[in-house]
Amino acid sequence: MLKLPPLSLYIHIPWCVQKCPYCDFNSHTLKGEVPHQEYVQHLLNDLDADLIHIGSREVQTIFIGGGTPSLLSAESMADLLYGVKARIAVNPNAEITMEANPGTVEAERFAGFQRAGINRISIGVQSFGNDKLIRLGRIHDADEAKNAARLAKELGLRSFNLDLMHGLPDQSLSQALSDLQQAIALSPPHLSWYQLTIEPNTQFGSRPPKLPDDDMLWDIFSEGDKLLTAAGYQQYETSAYCKPGFQCEHNLNYWRFGDYLGIGCGAHGKISFEDDRIMRTVKTKHPKGFMEGRYLHQQNFVDNDDRPFEFFMNRFRLLEAFPRQDFSDYTGLTEETIRHQIDEALALDYISETETHWQITPHGKLFLNSLLELFL
């Protein structure tokens, strides 16, 4: 029998003003006006169809991603969150995050989102270099990014995050560190700092730009990590830093192999059942099909053979020690099924082990892919 982990809710808003050349997320260039109320109703209909899977379980966190969720009006956001809470139990202290593009927000709209129930905003800054922003296809400039961060801070939200990228086309060490220094000066409680990767089926995938070499990428990461640590930020996940106590609770639930409903275009979900089933869902990607009422694209159950990799792929992204018992509780498998792989990881100094816990080592963090390959 599986132990049911905490439950989250992910909501996808699929539209952007324009598609960024590096983006492989399910986002669609906006043509005309956002169908605010119509899309909200389809989201709630999609949620209605999923409720059969969760019984009386309570949602602990909500994350509204995209696309650009801040294109949705504050009134529609309020209707959405009201509709969610009318259908499913939501923890009164739930973290409720919305992603926002600095080019699509201003003071009154931020305040409106807060009144709608948003208590955490994740701002897609990416860089403070205007030349880099143009190269990345972003519609905002550095001043707009800084203004959005100040607005988020002034609102007194529960928290806010700045998304920042490094390893950008032709980026030097000094440019990457300058981005970090400018972000730190804005005092965000949380910083997502991740390396640009070239993905297939993107503009950059078709016409790859010149990126920093491996030596430069290592210098950027190692010097940036020192800068963040000196400023009081703690790395708790591969690409996430925060001030003490300000981890993203929604993402923590992902990495701890928690459950989540996913509603909206292309949203993914994972639901555990006490009878040992683990179900994954994918919703219809294109807005046209989704708004014709064809919500569910794919549903499958996770085989026992795949569960170790899926569990550790998530868990070892976090730097924290975690209970060994979690593996059995949340996969339904005994530790003996992966004992050989654990012993190999210990021998390679990828992980450490105590009587009760496992933890990735600093060496293992550098060889995360090799560590995960042990469980394939």
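Since this is a predicted model, take the numbers as computed values, not measurements. (Residues numbered from 1 in each chain as written. Predicted model: local features only at pLDDT ≥ 70, side-chain atom pairs only at ≥ 80, totals over all residues. Heavy atoms only, no water.)

Caption draft 1: A look at the overall build of the protein. In terms of helices and strands, the protein carries 15 helices and 17 strands. A globule of 376 residues ought to have a C-alpha radius of gyration of about 21 Å, and the protein, at 21 Å, matches this closely. Taken over the C-alpha atoms alone, the protein extends approximately 55 × 50 × 40 Å along its principal axes. Taking all 376 residues of the protein together, 55% fall into the buried category. (Helix = DSSP H or I, 4+ residues; strand = E, 2+ residues; numbered from the N terminus. Rg over C-alpha atoms; globule rule 2.2 N^0.38 Å. Buried < 20%, exposed > 50% of the residue type's maximum accessible area, 1.4 Å probe, protein only.)

Caption draft 2: How the structure looks around the side chain of His28. Its location among the elements puts His28 in strand 3 (residues 28–29). Among the polar contacts made by the side chain of His28, one reaches the side chain of Asn26 at a distance of 3.0 Å. When near neighbours in sequence (up to four residues on either side) are disregarded, His28 contacts Pro14, Trp15, Cys16, Lys285, His286 and Pro287. (Polar contact = N/O pair within 3.5 Å; in protein donor to acceptor, adjacent residues only side chain to side chain. Contact = heavy atoms within 4.5 Å.)

Caption draft 3: Layout of the sheet that holds strand 16 (residues 351–353). A sheet is described by the order of its strands in space; here three strands give the open sequence 15-17-16, paired in antiparallel fashion. Across the chains shown, the open sheet's two edge strands, defined by having one partner strand only, are strand 15 (322–323) and strand 16. With two bridges joining them, strand 15 and strand 17 (residues 357–360) adopt antiparallel strand pairing. Considered in strand 17, the bridge of Pro323 is made with His357. The strands touched by helix 13 (residues 339–347) within the sheet are strand 16 and strand 17, with strand 16 carrying the most contacts at an inclination of about 110°. (Pairing = 2+ DSSP bridges. Axes fitted to C-alpha atoms, helices over the stretch in contact; angles between N-to-C directions.)

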